[in-house]
Amino acid sequence: MKVLCAGSTVIMTECTSLQFVSPFAFEAMQKVDVVRLASLSDPELRLLLPCLVRMALCAPADQSQSWAQDKKLILRLLSGVEAVNSIVALLSVDFHALEQDASKEQQLRHKLGGGSGESILVSQLQHGLTLEFEHSDSPRRLRLVLSELLAIMNKVSESSGEFFFKSSELFESPVYLEEAADVLCILQAELPSLLPIVDVAEALLHVRNGAWFLCLLVANVPDSFNEVCRGLIKNGERQDEESLGGRRRTDALRFLCKMNPSQALKVRGMVVEECHLPGLGVALTLDHTKNEASEDGVSDLVCFVSGLLLGTNAKVRTWFGTFIRNGQQRKRETSSSVLWQMRRQLLLELMGILPTVRSTRVVEEADVEMEPNVSVYSGLKEEHVVKASALLRLYCALMGIAGLKPTEEEAEQLLQLMTSRPPATPAGVRFVSLSFCMLLAFSTLVSTPEQEQLMVVWLSWMIKEEAYFESTSGVSASFGEMLLLVAMYFHSNQLSAIIDLVCSTLGMKIVIKPSSLSRMKTIFTQEIFTEQVVTAHAVRVPVTSNLSANITGFLPIHCIYQLLRSRSFTKHKVSIKDWIYRQLCETSTPLHPQLLPLIDVYINSILTPASKSNPEATNQPVTEQEILSIFQGVIGGDNNIRFNQRFSITAQLLVLYYILSYEEALLANTKTLAAMQRKPKSYSSSLMDQIPIKFLIRQAQGLQQELGGLHSALLRLLATNYPHLCIVDDWICEEEITGTDALLRRMLLTSNAKSHSPKQLQEAFSAVPVSHTQVMQILEHLTLLSASELIPYAEVLTSNMNQLLNSGVPRRILQTVNKLWMVLNTVMPRRLWVMTVNALQPSIKFVRQQKYTQNDLMIDPLIVLRCDQRVYRCPPLMDITLHMLNGYLLASKAYLSAHLKETAEQDRPSQNNTIALVGQTDGPEVTREELKNALLAAQGYPCELLPLTVAGIPSMHICLDFIPELIAQPELEKQIFAIQLLSHLCIQYALPKSLSVARLAVNVMGTLLTVLTQAKRYAFFMPTLPSLVSFCRAFPPLYEDIMSLLIQIGQVCASDVATQTRDIDPIITRLQQIKEKPSGWSGICKDPSYKNGPRDTGSMDPDVQLCHCIESTIIEIINMSVSGI
């Protein structure tokens, strides 16, 4: 069992890779269950060897037959373990003499002082403890560990409770940890009076890996578990998280309890009994809570902490309250803090029973501007009411008794829970009473006008529902009476009576300042019974059906517009969102001129507060679900588009205008919103993906006269936020598709051609390997259809693109598919791109292809290029790929720009860094090309592309700077690629710099020759030897070095196969002759029969093949030299 510590950083680093005793193994040791012990793995068994060896060797007190059989099994279990021998040797030592020497040493240290270096157990050390331990026999190893342990124990006894950390080689060297643990366990077992286990445990807290040693020690003496735990707790600090010693003690005890989880709650009881280590008590409760099966009942954590704070023991209450207060004062409140973990678990439990849960707010910051009153109209489940009441009382105790200061998230979620509506049961009545009293006791939970409005609505609901609760639940004294009583006390200014009532209802005595009730008094006496007459009446006015420019006069929309401008709705906290949404749905052409100004002022009221003094006074945005409901039912038809009869094209275009304007205004006001620490909700990318933006823009283009300025406004917003939908080539292509030629082609379309269904197209694609006629015929007919009529065929067309990459597919089919794709691109570009990218992924057997989303492709546009390699050799599909790449690059640029604006005020340093990087991208084109080429060279690519890249990319010379680093890489493939790239660069750029790099490459090849194995030598030199010809061609001065290298390679190869092949020696001799007299071989070298003579290379040994390759390389160099002369 490998365990990661959750405490201090020191212990966490200590225990990262150590093997701990598992609960299964510890239980087997406790019960001496030999069958279980036999099932342990070797690493687990290794930790228990000291105890098992003593069991097997020492005379047992149990003389029964069953133990005799178990002992045989233990002996059989130990027979195959090598480490047993060293433990047996340890047990063979004279422990009586060892104990006497140890006693003398203790007396000597006591006489001379603890810091004395004199030792009776260990003579003068020649080396460090680790080396001495390694070179020593068993008796001396025992003495070394005993001497070190006694020194630590003495220092602990003299430290007067002050914690110290002792550095000891014996307990830190990872090589000898197990041997040192064996010695420690044997010493404690054989010398229990000299080494009491509790004292040893206390000493181990002061050394590195002490928790691990302690667990092994207790596992080998399992009966000592409770004794060790009680001793460590009794000697522990009252507040464990305040010091390093306390944290180490807590972590060690947690390890012990993980090893023996059945005793964890008993250890927790010891903690409360001693009033020591409160963090340990909470940590053990958290561990136990995670394993609880019940979700609806009150958790053990809530019961434990409530018992500490609400119990009758004042000492325990003060002790735990101090733990809470001290934990809040520390600045290092991180996830490693037990208090932080407790608060997070309580918050999770609270959110788990909320009618509406915002789970993302626990781990990371979410939008501050959430939809207000989310759970006002949501009911609390009946099975959660008792748990909710327990949580409320616990938070009251934590804040009122222990002084806990809730975070913004805790306060928000508490308010959501308190203002939820329980069922009409006695438990529900109790919950409402507790919630009301908690609002009175902790008015700071209501910190914003939005939260205040939430509370007012809930209080109004209490007044309205009081009679129903009383009649249904059967409880006569319901919360209505309490509400009335409190109102009377507020009117008569009897605040102390209210405080007494609150404490009595909550069942705890907490301090409530009368001044904290002033705001609640104002709400009760002035606001809770008032009505905002004007705004409430305006909201209730019905919307105008089929609103258009044909309806003249003063309409409700004018009234709502003026109230929005004056911010009356936000001032009086009346939601106008639903009215505006209903009015947008009830619109038609021609467009009413007040609609666009209404949307603009509504967006402004959502993002901009009514006043600086009231930053939360804003309207609610339209929800995503409401937006999606408008766009459902859009289907493709002829030139005219048939929409769902429920909503008109005007309503859909207006909602599209609202979304785009809202997102643009949100980005434009980023700085202002950040200054006010507000972050209104942005619409998700998944919502935008489901809206057919380009499709709607095409419809608006044909209705420009009826839509007034809506079409031009949409184009402006589209160019800013979605530049990939405004590519000029697409507009030109769209004009071609909708021109007169397309109209004439559709006139030729017969009724039979229109009958082709997507299923028939799929069947035709399936038959492509056999016949191309049918699919070609259907595709030709589809070219006569309009863009909207092609939409049903899009999925079949894109999903079968991968089949078209196979050899033998006619170019005409590919070109037709390209043509159809471009037509579809005019109506559904974003969805089409995603389907195409997913369809063109490389098909790998047994590997599931990843399905990319629109957001994935915007974040990383280069996903488009990670397609099937055959696409690059298919011009029609490559044209589609480049088109998508261009679009996603534009989309990615817009996405990055929006992200930078959004985070500009949140992270100023990172903004500056990002702007610097963006500024770099605006630099010279050559710089970007050079960086890109260097990056590609460092990554490597197929060597077949080297001639093309070196000759065709002007800035490839920059790679000369990186080749030495690439050659120095340990991967053979990168070294081969570097040499091959260098050979082409030397031909292209015969510069002094190239000469020096080429000489370096030759020297490296010579060095590698001496270190590579036979297989790697063959794999390295076979592809790199031809590069030497290029080196000689570019730089003749390298001729001698290269020829010597080739001869040396041949000699090495020949020496490896000298005993197997006799034909190598003549080859080496011939190579020497060629080197010494190249002119005499030039004629022979040019002979085609010699150069391309029959050689059975397939059956040759790799070294023989390499020798022939060397010979061919030398001949080619000679031919080159002679022809050059």
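A. Here's a closer look at the overall build of the protein. Each helix and strand in the protein was counted, giving 63 helices and 0 strands. Sorting the 1125 residues of the protein into buried and exposed places 50% on the buried side. Taking the intrachain contacts of the protein between residues at least 6 apart in sequence as the baseline, contacts between residues at least 24 apart amount to 72%.

B. The arrangement of the packing of aromatic side chains in detail. According to the stated counting rule, one finds 13 aromatic pairs in the structure shown. Note on Trp212 and Phe213: the rings are 5.1 Å apart at their centroids and 75° apart in plane angle, and the pair reads as edge-to-face. Here Phe1020 and Phe1021 contribute two aromatic rings whose centre-to-centre distance is 4.9 Å and whose plane-to-plane angle is 85°, an arrangement assigned as edge-to-face. Looking at Phe1020, the relative accessible area reads 0%, which means it is buried.

C. Focus on helix 23 (residues 408–418). Judged by how many residues are buried, helix 23 sits mostly within the fold: 10 of 11 residues are covered. Of all the residues in helix 23, the buried ones are Glu409, Glu410, Ala411, Glu412, Gln413, Leu414, Leu415, Gln416, Leu417 and Met418.

D. Quick look at the side chain of Thr587. Along the chain, Thr587 turns up in the loop between helix 32 (577–585) and helix 33 (595–607). Assessed through its relative accessible area of 3%, Thr587 is described here as buried. Aside from chain neighbours lying at most four places away, what touches Thr587 is Leu547, Leu595, Ser648, Thr650, Ala651 and Leu654.

E. Spotlight on the nonpolar core. By size, the foremost hydrophobic cluster in this structure holds 174 residues, and its most contacted members are Leu256, Phe320, Met342 and Met438. Ignoring anything within four residues of it in the chain, the contact list for Met438 reads Leu392, Tyr395, Cys396, Met399, Leu414, Met418, Leu445 and Leu506. In this structure, Leu584, Leu666, Tyr683 and Leu707 belong to the second largest nonpolar core, which totals 60 residues.

F. Quick look at the packing of helix 45 (residues 773–782) against helix 48 (residues 811–824). With their axes 10 Å apart at the nearest point, helix 45 and helix 48 run at an angle of 30° to one another. Taken together, the axes of helix 45 and helix 48 lie roughly parallel to each other. Note that helix 45 runs across helix 48; the crossing there is left-handed. Packed against helix 45, whose contacting residues are Val775, Met776, Leu779, Glu780 and Leu782, the element helix 48 presents Arg812, Ile813, Thr816, Val817 and Leu820 at the interface. Split into classes, the residues belonging to the contact of helix 45 with helix 48 amount to 7 nonpolar, 1 polar and 2 charged.

G. Region of interest: the side chain of Thr798. Among the structural elements, Thr798 can be located in helix 47 (residues 794–799). Sequence-distant contacts of Thr798, that is, excluding residues within four places in its chain, are made with Leu832, Met835, Thr836 and Ala839.

H. Looking closely at the packing of helix 16 (residues 264–274) against helix 18 (residues 300–310). It is the contact of helix 16 with helix 18, at a shortest axis distance of 13 Å, that shows an interaxial angle of 20°. By the angle between their directions, the pair helix 16 and helix 18 is classed as roughly parallel. In this structure, helix 16 meets helix 18 at a crossing whose hand is right-handed. Touching Leu265, Arg268 and Val272 of helix 16 are Asp300, Phe304 and Leu308, all from helix 18. The residue makeup of the contact of helix 16 with helix 18, split by class, is 4 nonpolar, no polar and 2 charged.

I. Focus on the pattern of salt bridges. Per the stated rule, a full pass over the model turns up 24 salt bridges. With a shortest N-O distance of 3.2 Å, Arg36 and Glu27 are connected by a salt bridge. Arg230 is the salt-bridge partner of Glu274, the closest N and O atoms lying 4.0 Å from each other. Of this pair, Glu274 sits in helix 16 while Arg230 sits in helix 14 (residues 225–234), and the two are 44 residues apart along the sequence. Overall, the relative accessible area of 33% leaves Arg230 in the partly exposed class. A single network of salt bridges, built from pairs that share partners, joins Glu27, Lys31, Asp33 and Arg36.

J. Up close: the confidence of the model for the protein. Across the protein, the average pLDDT comes to 78, with 79% of residues at 70 or higher. For residues 529–533, every residue scores under 50 in pLDDT, and the model assigns this stretch 4 contacts once sequence neighbours within four places are set aside. In the predicted structure, residues 909–926 sits below a pLDDT of 50 and forms 7 contacts with residues beyond four places in sequence or in another chain.

K. Up close: helix 11 (residues 177–190). Compared with the 20 Å implied by 1.5 Å per residue over 14 residues, the 20 Å span of helix 11 between its first and last C-alpha is a close match. Counting buried positions along helix 11 yields 10 of 14 residues, so the element is predominantly enclosed. Of all the positions in helix 11, only Leu177, Ala180, Ala181, Asp182, Val183, Leu184, Cys185, Ile186, Leu187 and Gln188 are classed as buried.

L. Representation of the state of the cysteines. Under the definition given, this model contains 0 disulfides. Summary of cysteine pairing: Cys503 is not part of a disulfide, and the nearest cysteine sulfur, belonging to Cys437, is at 9.1 Å.

M. Quick peek at the environment of Ala56. Its location among the elements puts Ala56 in helix 5 (residues 49–57). A sequence separation of 15 residues divides Ala56 from Lys71, and the C-alpha atoms of the two residues are 6.1 Å apart.

N. Just the environment of Ala665, in detail. Mapping Ala665 onto the fold places it in helix 35 (residues 649–668). Placed 58 residues apart in sequence, Ala665 and Leu607 show a C-alpha to C-alpha distance of 8.0 Å. When near neighbours in sequence (up to four residues on either side) are disregarded, Ala665 contacts Ile603 and Leu607.

O. Representation of unusual backbone geometry within the structure. Of the consecutive residues Thr589 and Pro590, the connecting peptide bond is found in the cis state with omega at -5°. Looking at the element boundaries, Pro590 is found in the loop between helix 32 and helix 33. Notably, Asn209 is not glycine yet its phi reads approximately 65°, a positive angle. With respect to the element layout, Asn209 can be found in the loop between helix 12 (197–204) and helix 13 (210–220).

P. Seen up close, the environment of Tyr658. Mapping Tyr658 onto the fold places it in helix 35. A relative accessible area of 3% places Tyr658 in the buried class. Residues Tyr658 and Leu714, 56 residues apart in the sequence, show an inter-C-alpha distance of 9.8 Å. If near-sequence neighbours (up to four positions away) are discounted, Tyr658 is found in contact with Ile599, Tyr602, Ile603, Ile606, Pro621, Val622, Ile627 and Tyr683.

Criteria and thresholds
- Residues numbered from 1 in each chain as written.
- Predicted model: local features only at pLDDT ≥ 70, side-chain atom pairs only at ≥ 80, totals over all residues.
- Heavy atoms only, no water.
- Helix = DSSP H or I, 4+ residues; strand = E, 2+ residues; numbered from the N terminus.
- Buried < 20%, exposed > 50% of the residue type's maximum accessible area, 1.4 Å probe, protein only.
- Contact = heavy atoms within 4.5 Å.
- Phe/Tyr/Trp six-rings, centres within 6.5 Å; stacked < 30°, edge-to-face > 60°.
- Core = buried A, V, L, I, M, F, W, Y, C linked by side-chain atoms within 4.5 Å.
- Axes fitted to C-alpha atoms, helices over the stretch in contact; angles between N-to-C directions.
- Parallel < 35°, antiparallel > 145°, perpendicular 65-115°, else oblique.
- Left-handed = near helix turned anticlockwise from the far one by under 90°.
- Nonpolar A, V, L, I, M, F, W, Y, C, P; charged D, E, K, R; others polar.
- Salt bridge = Lys/Arg side-chain N within 4 Å of Asp/Glu carboxyl O.
- pLDDT = per-residue confidence, 0-100.
- Expected span 1.5 Å × (residues − 1).
- Disulfide = S-S within 2.5 Å.

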